[in-house]
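Read off the chains here:
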Amino acid sequence: MLIQPPRPLTAPQSRPSYHAAHARQEHAPLLPRALPMWLWRRGWELKDLLPPGVCNLLNPAAIYANNEISLRDVEIYGFDYDYTLAQYSSLLHSMIFNTARDILIEQYKYPEGLKKYDYLPGFAIRGLHYDVQKSLLMKIDAFHYVQLGTAYRGLKPVADEEVIELYGGTQHIPLYQMSDFYGKGPSIKQFMDIFSLPEMTLLSSVIDYFINHGIEFDQVHLYKDISDAIKDVHVKGMMYKWIEKDMEEYILHGDETYAVLNRLVNLNKKLFLITNSPFSFVPFRKLDDKGSLQWDKIDKLEKGKIYKQGNLFDFLRLTGWRGSKVLYFGDHLYSDLADLMLRHGWRTGAIVPELEPEIRIINTEQYMHSLTWQQALTGLLERMQMYQDAESKQVLLEWMQERQEIRSLTKNLFNPQFGSIFRTFHNPTYFSRRLIRFSDIYMASISCLLNYDMNFTFFPRRTPLQHEAPLWMDQLCTGCMKTPFLEEMVHIR
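Quick caveat, the model's predicted, so the values are computed rather than measured. (Residues numbered from 1 in each chain as written. Predicted model: local features only at pLDDT ≥ 70, side-chain atom pairs only at ≥ 80, totals over all residues. Heavy atoms only, no water.)

Draft legend 1. Molecular detail of the confidence of the model for the protein chain. For the protein chain, the average pLDDT comes to 82, and 78% of its residues sit at 70 or higher. Low pLDDT, under 50, characterises residues 1–32; the predicted model gives this stretch 60 contacts beyond four residues in sequence or across chains. Note that residues 474–493 has pLDDT below 50 and, in this model, 49 contacts with residues that lie over four places away or in other chains. (pLDDT = per-residue confidence, 0-100. Contact = heavy atoms within 4.5 Å.)

Draft legend 2. Local environment of the sheet that holds strand β13 (residues 347–351). Read from one edge of the open sheet, 6 strands run β1-β14-β13-β12-β3-β11, paired in mixed fashion. Strands at the two margins of the open sheet, each flanked by one partner only, are β1 (64–65) and β11 (270–273). The sheet contact formed by strand β3 (residues 76–79) and strand β12 (residues 326–330) spans 4 bridges and is parallel. Across the sheet, residue F79 finds its bridge partner in β12, namely F329. (Pairing = 2+ DSSP bridges. Helix = DSSP H or I, 4+ residues; strand = E, 2+ residues; numbered from the N terminus.)

Draft legend 3. Focus on the UniProt feature "binding site: GMP" (unreviewed entry) in the protein chain. Within this structure's numbering, the places UniProt gives as "binding site: GMP" (unreviewed entry) are D82. Looking at the element boundaries, D82 is found in the loop between β3 and β4 (87–88). By relative accessible area, which is 11% here, D82 ends up buried. (UniProt positions renumbered as here; feature names shortened; annotations may be inferred. Buried < 20%, exposed > 50% of the residue type's maximum accessible area, 1.4 Å probe, protein only.)

Draft legend 4. Main features of the pairing of strand β6 (residues 136–140). For β6, a buried count of 5 out of 5 residues is recorded, marking the element as mostly surrounded by other parts of the structure. The two faces of β6 match: L136, M138 and I140 on one face and L137 and K139 on the other face are all buried. As paired elements, strand β5 (residues 129–131) and β6 share 3 bridges and run antiparallel to each other. Directly across from Y130, in β6, lies its bridge partner L137. Alignment of β6 against strand β7 (residues 146–153), held across 3 bridges, turns out to be antiparallel. Within the sheet, the bridge partner assigned to I140 lies in β7 and is V146. Linkage of β6 to β7, two consecutive antiparallel strands, is achieved through a turn of 5 residues, within which H144 is found at a positive phi near 70°.

Draft legend 5. Broad picture of the packing of aromatic side chains. For the structure on display, the rule yields 28 aromatic pairs. Between the aromatic rings of Y117 and Y209, the centroid separation amounts to 6.4 Å while the plane-to-plane angle is 75°, which identifies the pairing as edge-to-face. A residue pair is termed long-range when its members are at least 10 positions apart, and Y117 in the loop between α3 (91–106) and β5 and Y209 in helix α5 (residues 196–212) qualify at 92 residues. With respect to class, Y117 is no different from Y209; both count as buried. Clustering of aromatic rings is evident, with ring pairs tying together Y110, Y117, Y209, F210 and F217. (Phe/Tyr/Trp six-rings, centres within 6.5 Å; stacked < 30°, edge-to-face > 60°.)

Draft legend 6. Main features of the sheet that holds strand β9 (residues 188–190). Pairing in this open sheet of 5 strands is antiparallel, and the strands run β8-β7-β6-β5-β9 from one edge to the other. Each edge of the sheet is formed by a strand with only one pairing partner; in this case those strands are β8 (156–157) and β9.

Draft legend 7. Geometry of helix α14 (residues 390–414). The end-to-end C-alpha distance of α14 is 37 Å, a good match for the 36 Å that 25 residues give at a rise of 1.5 Å each. Taken together, the buried positions of α14 are occupied by S392, V395, L396, W399, R403, I406, R407, T410, K411 and F414. (Expected span 1.5 Å × (residues − 1).)

Draft legend 8. Highlighting the UniProt feature "binding site: Mg(2+)" (unreviewed entry) in the protein chain. Cross-referencing UniProt, the feature "binding site: Mg(2+)" (unreviewed entry) maps to D80 and D331 in the present numbering. Considering the C-alpha atoms alone, the annotated residues occupy 252 residues of sequence yet fold into one spot, their largest mutual distance being 7.7 Å. Within the secondary structure layout, D80 lies in the loop between β3 and β4. Residue D80 is classed as buried on the basis of its relative accessible area of 9%. Residues within four places of D80 in sequence aside, it is in contact with L85, L273, I274, T275, Y328, F329, G330, D331 and D336. Mapped onto the fold, D331 is located in the loop between β12 and α11 (333–342). Excluding residues within four positions of it along the chain, D331 makes contact with D80, D82, Y83, T84, R126, D193, I194, D336 and I351.

So this is what it looks like as structure tokens:
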């Protein structure tokens, strides 16, 4: 890309206001000594770009569209159960962690010292990848690059240099090593389930204990043992018993979920539930008076009945439900949504509880200022890198360092270890890529439907491609205030 120099400015004697500086552009060449001062001035002009009133722009209870979809066309609503119809409190994750930890100690004969580890609610985020052979938990972007500063072995970060060395001198992980279509690669696994948060924390805690005590371990066996212990909590029904004993303690938004279902029923919409949870746990009609399976051949599905086992293809054959008249909601992008959208043409809605707290962070003045200045610095660095004298290089280096500090600060606002579930420093995460691919709409909870008329049409916003970005950045990042360097971008060829 050939960059033509901007219209030259004379170096100021004192820091001017933006409007004054922009108005006094002259056509005299910059003197070498004046150039670093001029570069610094360009930075100061952008320091206070955030106008009042641009925070709190995003609504945590909104529904966001990846694809255009009209609820008017939807006749049938389907739901997953866990973390879709039922949202659980964080106490459940602590119970899963503690129980699986004790299973490791009592049944798998792991060290008693593991009892000192408790669940850390803010440690992991959903969508992380785990390299079984390297015992490395990390965040990967949509282009298969590890975000430096987000790789952990146990509960401690791994130095960027070591991460790059582990992957042959690069941050990139080749496709053949990565997760397959459903997040299960040969040696790298992706944690897409909300229930995987206690699993990741337990995995990191056990590795932390072994490293701190100098205990050698087989990475593959350790991963399998922890995975099996977590699975026992679910398969053996322990989790469901805890919830049934104290539903008010564990289940959130129950009244709102009821309101959604009641509203759909009153509008004569067809509803169905598909879940791996046992039928006795889900509060609907049982199979028979004794709760036993019936052995009649199933030729059709009847309203109000419960059916166990079977598969998706039989379900589709018996119902004939195909295409955009069906909208199915689930929290797991792979097992809940992928096949339904790609193979059967259903419309899909992703439930992403993490969306609400992340939007509340995005709406803060601290985040908005950090993002605006980060974007402005990026533009300055790109535009001004043509100046290669020693003093100007020093200015650019300090800008680069400041940009990196702001990126780290912004990451830490979401999660000190791994940052946002949706972004690395500038790219979408691997999770975001799958979210966009497998869902027509996404929202924090099913209760967000209560904010919309059932004939509402969701329109995705036209977001800029990179070759369109210069036309957007002054509006998106500075609240419709033009950035000083934007009009100079027309000189880029």
